[in-house]
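A structural walkthrough
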Amino acid sequence: MNATTQQVKHRGAVGKTLHWVAAALSMIGTIWIALLMFVIVADVLGRNFFNSPITGVAEVAARSVVAIAFLQVSAAVLNGRMTRSDMLLRVFSHFSPRMSAMLELLFALVGAMVCLAVAYAVWPDTVRAYNTNEYFGVRGVFTVPTLPFRAIIIIGAVFAALSYLSVAIEHLRQIGRPQS
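Residues numbered from 1 in each chain as written. Predicted model: local features only at pLDDT ≥ 70, side-chain atom pairs only at ≥ 80, totals over all residues. Heavy atoms only, no water.

Notes on unusual backbone geometry
Here is the rule we go by: For helices the rule is a DSSP run of H or I covering at least 4 residues; for strands it is a run of E covering at least 2, with both sets numbered from the N terminus onward. Only protein chains enter the accessibility calculation, which uses a 1.4 Å probe. A residue is then buried if its area is under 20% of the maximum for its type, exposed if over 50%, and partly exposed in between.
Phi angles above zero are rare outside glycine, and Asn 51 is one such case at about 55 degrees. Structurally, Asn 51 is set in the loop between α2 (12-49) and α3 (57-78). Non-glycine residue Asn 133 carries a positive phi angle of around 55 degrees. Positionally, Asn 133 belongs in the loop between α5 (97-132) and β1 (135-138). The exposure class assigned to Asn 133 is exposed, which follows from its relative accessible area of 63%.

Concerning the side chain of Ser 64
Stated formally: Nitrogen and oxygen atoms within 3.5 Å of one another constitute a polar contact, given that in protein one can donate a hydrogen and the other can accept it, and given that sequence-neighbouring residues count only through two side-chain atoms.
Mapped onto the fold, Ser 64 is located in helix α3. Among the polar contacts made by the side chain of Ser 64, one reaches the main-chain carbonyl oxygen of Val 60 at a distance of 2.7 Å.

Description of the packing of α2 against helix α6 (residues 147-176)
We apply this condition: A fitted line through C-alpha atoms serves as each axis, taken over the contacting stretch for helices, and the angle formed by two N-to-C directions is quoted from 0 to 180°. To sort the angles, those under 35 degrees are grouped as roughly parallel, those over 145 as roughly antiparallel, those from 65 to 115 as roughly perpendicular, and the leftovers as oblique. Crossing chirality is assigned from the near helix's rotation relative to the far helix, an anticlockwise turn below a right angle marking it left-handed and a clockwise turn marking it right-handed. When checking whether two residues touch, look at their non-hydrogen atoms; a contact exists if any pair is within 4.5 Å. When residues are sorted by character, Ala, Val, Leu, Ile, Met, Phe, Trp, Tyr, Cys and Pro go into the nonpolar class, Asp, Glu, Lys and Arg into the charged class, and all the rest, Gly among them, into the polar class.
For the pair α2 and α6, interaxial distance at closest approach is 11 Å and the crossing angle is 140 degrees. In terms of orientation, α2 and α6 fall into the oblique class. Judged by the twist between their axes, the crossing of α2 over α6 is left-handed. In contact with Leu 18, Val 21, Leu 25 and Trp 32 of α2, α6 contributes Phe 149, Ile 152, Ile 155, Phe 159, Leu 162, Ser 163 and Ser 166. For the contact of α2 with α6, the residue count by class is nine nonpolar, two polar and no charged.

Re the packing of aromatic side chains
The line we're drawing: Pairing of aromatic rings covers Phe, Tyr and Trp, the last through its six-membered ring, and needs centres within 6.5 Å; plane angles under 30 degrees mean stacked, over 60 mean edge-to-face, and all others mean tilted. Over a ring means this: the NZ of a Lys or the CZ of an Arg is within 6 Å of the ring centre and within 35 degrees of the ring normal.
If you walk through the whole model with that rule in mind, you get two aromatic pairs. Seen from their ring centres, Trp 32 and Phe 149 are 6.0 Å apart, and the 50 degrees between their planes marks the pair as tilted. In this pair, Trp 32 sits in helix α2 while Phe 149 sits in helix α6, placing the two residues 117 residues apart along the sequence. With relative accessibility at 11%, the residue Phe 149 sits in the buried group. Taken together, the ring pairs connect Trp 32, Phe 136 and Phe 149 into an aromatic cluster. Geometry around Phe 136 places Arg 63 over its ring, the cationic atom sitting 3.9 Å from the centre.

What about α3?
Where we set the bar: In this analysis, the expected span of each helix is defined as 1.5 Å times one less than the number of residues it contains. Bend, at a single residue, is the angle you get between axes fitted to the 7 residues ending at that residue and the 7 residues starting at it.
Under the 1.5 Å per step criterion, the end-to-end length of α3 is 32 Å for 22 residues, consistent within 8% with the ideal 32 Å. The principal kink in α3, of about 35 degrees, is found at Gln 72. Considered for burial, the residues of α3 that qualify are Val 57, Ala 61, Ser 64, Ala 67, Ile 68, Leu 71, Val 73, Ser 74, Ala 75, Ala 76, Val 77 and Leu 78.

Some words on the pattern of salt bridges
For side chains bearing opposite charge, pairing can occur when the charged atoms are close. Quick note on the threshold: Should a side-chain nitrogen of Lys or Arg be within 4 Å of a carboxyl oxygen of Asp or Glu, the pair is scored as a salt bridge.
Applying the stated criterion to the full structure yields six salt bridges. Across the pair Arg 47 and Asp 43 runs a salt bridge, and its minimum N-O distance is 3.2 Å. Taken together, the positions of Arg 47 and Asp 43, both in helix α2 and four residues apart, correspond to about one turn of that helix. Residue Arg 150 is joined to Glu 134 by a salt bridge in which the shortest nitrogen-to-oxygen separation is 3.0 Å. Residue Arg 150 is located in helix α6, and its partner Glu 134 is located in the loop between α5 and β1; the two are separated by 16 residues in the primary sequence. Look at Arg 150 and you get partly exposed, because its relative accessible area is 22%.

Looking at the layout of surface pockets
Selection rule: Only protein atoms enter the 1 Å grid used here, on which a cavity is any set of points holding a 1.4 Å probe that cannot leave and a pocket is any open set flanked by protein within 12 Å on both sides along at least five of seven lines; residues with an atom within 4 Å of a point are listed as lining. Grid points are joined across faces, edges and corners, and a volume is the space filled by probe spheres set on the points.
Counted as a void, the second largest pocket has a volume near 250 Å³. Along its surface, the second largest pocket is lined by 13 residues, and Met 82, Arg 84, Phe 107, Ala 108 and Tyr 164 are the ones closest to its centre. Among the secondary structure elements, those contributing two or more residues to the lining of the second largest pocket are α5 and α6. It is α5 that contributes the most residues to the lining of the second largest pocket, five residues altogether.

This is how it looks when you write it as structure tokens:
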């Protein structure tokens, strides 16, 4: 799979742009992780040594985990790093590289459909969050709008679907190539 994903990286302006966007989203997620770690450590130190926790850390951290995952999923897809069981693929790759590529194509298409289904499912809640200024937390103590977190899920899911489609196109090209 790594050879395939390497080929996808360098195919045309669309492929390069998709890789650039995926890398940028992943970088934002990585920076977010570092900031979140800093805030969590500060909260623990404040709670244990000064009896003064940082308000809202648990709520923001809970929402951040999901947002970070969706920021980084498209880069994982394009770099062949999505977690999966590839035992069947290894068996097929020894006997029929074309059959292996067909299975990879099927997996990529299913992945794209799942990501689009996630974006579709989150869309109504995102629109509602926009229209009602929805927030989480306790009014008067700590509140954060839900819209950015919901929007990140949609953006991440759409780019993950595009990444899966890019990988699917490469596998489709492999299927069409003459075998040696």
